[in-house]
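Structural characterization, general
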Amino acid sequence: MPTYGEDRFWGCNAFYRDANPEILFTVDIPMQREIIEWGYAEANKVAVGDWEVMPMDMLEPLRMGFTNTKIVESISPDSEYLVVQGDDEMTTFLGLSSPQMKNIIMYNNPELKNMFCGMSALGYAMLNGEKEITLTGFNALENDDYSNQYEGTENYLHKYSSDSRVLSAQQSQFIALLEEFEDVNVFFKNPLTGNVKVEYNELYYYENSDRWILGQGFESDTMR
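So, here's what we can say about the structure. These numbers come from a predicted model, not from an experiment.

**Looking at the sheet that holds strand E9 (residues 104–106)**
With respect to topology, 4 strands assemble into an open sheet ordered E2-E3-E4-E9, the strand pairing being parallel. Where the open sheet ends on each side, the last strands, each with one partner, are strand E2 (10–12) and E9. Here the strands of the sheet are splayed against their neighbours by 30° on average, with no regard to which way each runs. Here 3 bridges tie strand E4 (residues 45–49) to E9, and the two strands are oriented parallel to one another. Bridge assignment links Val46 to a residue of E9, and that residue is Ile104. On the sheet, helix H4 (residues 117–127) packs against E2, strand E3 (23–25) and E9 and is oriented at approximately 155° with respect to E2.

Structure follows, in structure tokens:
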């Protein structure tokens, strides 16, 4: 999780199950739905990226318009606002109350487009002027430990490995952010050695990573 400043910290996705970070970042639709359904956003700040929020009275007209896709609805009696997300295969109708909306942080920076949650949080911190950031729990970015403390639980893969495109994308996104924001000091927090400053060109995967272009995606995909 990206952390900054004394006694302040941010977390990502299911971290809310174990702690209450100052800001919880969540990008994937299933995790956003879980966090809202659990009620976490009623009293805690949640950063979701770019949302288009509509009044709840748009629900019925939208239902009529989505006839060729599976619809997942997560709407409670106190929902006053509506967020619609998804693709041609599945669309999610997510309802939010006024207390939840007050705690939702929406951001739409083109450089963070298509980034996974942890890297989106890191990029958000960099873009908002943080100059020293410590990362904990990003083992796959520091070494070849691909485990995840939440693997096998709801909305997580049963097992993570080096073959996962999610992990390779995070590594490429990490390098891209470090290259772009060279004036920001990023550290890995190691319980044995303390904080270790990250040098992107010394990362074990630096030479073999598919280049990530901020705001676009994998360089190999953009060249097709």
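Don't stop here, the text continues.
**Some thoughts on the nonpolar core**
Here is a general trend for soluble globular proteins: nonpolar side chains tend to be buried in one another's company. The biggest cluster of nonpolar side chains holds 37 residues, and the ones touching the most others in it are Phe25, Leu122, Met126, Phe174, Val186 and Leu203. Sorting the residues of this core by element identifies E2, E3, H4, strand E10 (132–135), helix H6 (165–180) and strand E11 (185–190) as the ones contributing at least two each. The dominant element in this core, judged by the number of residues it contributes, is H4, at 7 residues. In terms of nonpolar packing, the next biggest core, distinct from the first, is built from 24 residues, Tyr16, Ala19, Ile36 and Ala41 among them.

**Brief notes about the packing of aromatic side chains**
Tallying each qualifying case throughout the model produces 15 aromatic pairs. An angle of 55° between the planes, with centres 5.8 Å apart, marks the rings of Tyr200 and Tyr206 as tilted. A connected cluster of aromatic rings, assembled from ring pairs, spans Trp10, Phe25, Tyr107 and Tyr124.

**Details of the sheet that holds strand E7 (residues 81–86)**
Spatially, the 4 strands line up as an open sheet ordered E5-E7-E8-E6, and their pairing is mixed. Across the chains shown, the open sheet's two edge strands, defined by having one partner strand only, are strand E5 (53–55) and strand E6 (70–74). Across the sheet, the mean angle from the axis of one strand to that of its neighbour is 30°, orientation sign disregarded. Examined bridge by bridge, E7 and strand E8 (residues 90–96) share 6 bridges and lie antiparallel to one another.

**Remarks on the pattern of salt bridges**
Within this structure, the stated rule accounts for 7 salt bridges. Across the salt bridge formed by Lys131 and Asp183, the nearest N and O atoms sit 2.6 Å from each other. With Lys131 in the loop between H4 and E10 and Asp183 in the loop between H6 and E11, the pair connects residues that are 52 residues apart, well separated along the chain. Judged by relative accessible area, which is 49%, Asp183 ranks as partly exposed. Of the charged contacts, one joins Lys197 and Glu199 as a salt bridge, the two residues approaching to 3.3 Å between their closest N and O atoms. Look at Lys197 and you get partly exposed, because its relative accessible area is 38%. Its relative accessible area of 35% is what places Glu199 among the partly exposed residues. Overlapping salt bridges, with partners in common, bring together Glu60, Arg63 and Glu73 in one network.

**Things to note about the environment of Gln85**
Along the polypeptide, Gln85 turns up in strand E7. The buried category is assigned to Gln85, whose relative accessible area is 16%. Once the C-alpha coordinates of Gln85 and Tyr150 are considered, the two residues, 65 residues apart in sequence, prove to be 24 Å apart. If sequence neighbours within four positions are ignored, Gln85 has contacts with Ile29, Gln32, Trp51, Met90, Thr91 and Thr92. Within the structure, Gln85 has its side chain in polar contact with the side chain of Trp51 (distance 3.4 Å).

About the cut-offs
- Residues numbered from 1 in each chain as written.
- Predicted model: local features only at pLDDT ≥ 70, side-chain atom pairs only at ≥ 80, totals over all residues.
- Heavy atoms only, no water.
- Pairing = 2+ DSSP bridges.
- Helix = DSSP H or I, 4+ residues; strand = E, 2+ residues; numbered from the N terminus.
- Axes fitted to C-alpha atoms, helices over the stretch in contact; angles between N-to-C directions.
- Contact = heavy atoms within 4.5 Å.
- Core = buried A, V, L, I, M, F, W, Y, C linked by side-chain atoms within 4.5 Å.
- Buried < 20%, exposed > 50% of the residue type's maximum accessible area, 1.4 Å probe, protein only.
- Phe/Tyr/Trp six-rings, centres within 6.5 Å; stacked < 30°, edge-to-face > 60°.
- Salt bridge = Lys/Arg side-chain N within 4 Å of Asp/Glu carboxyl O.
- Polar contact = N/O pair within 3.5 Å; in protein donor to acceptor, adjacent residues only side chain to side chain.

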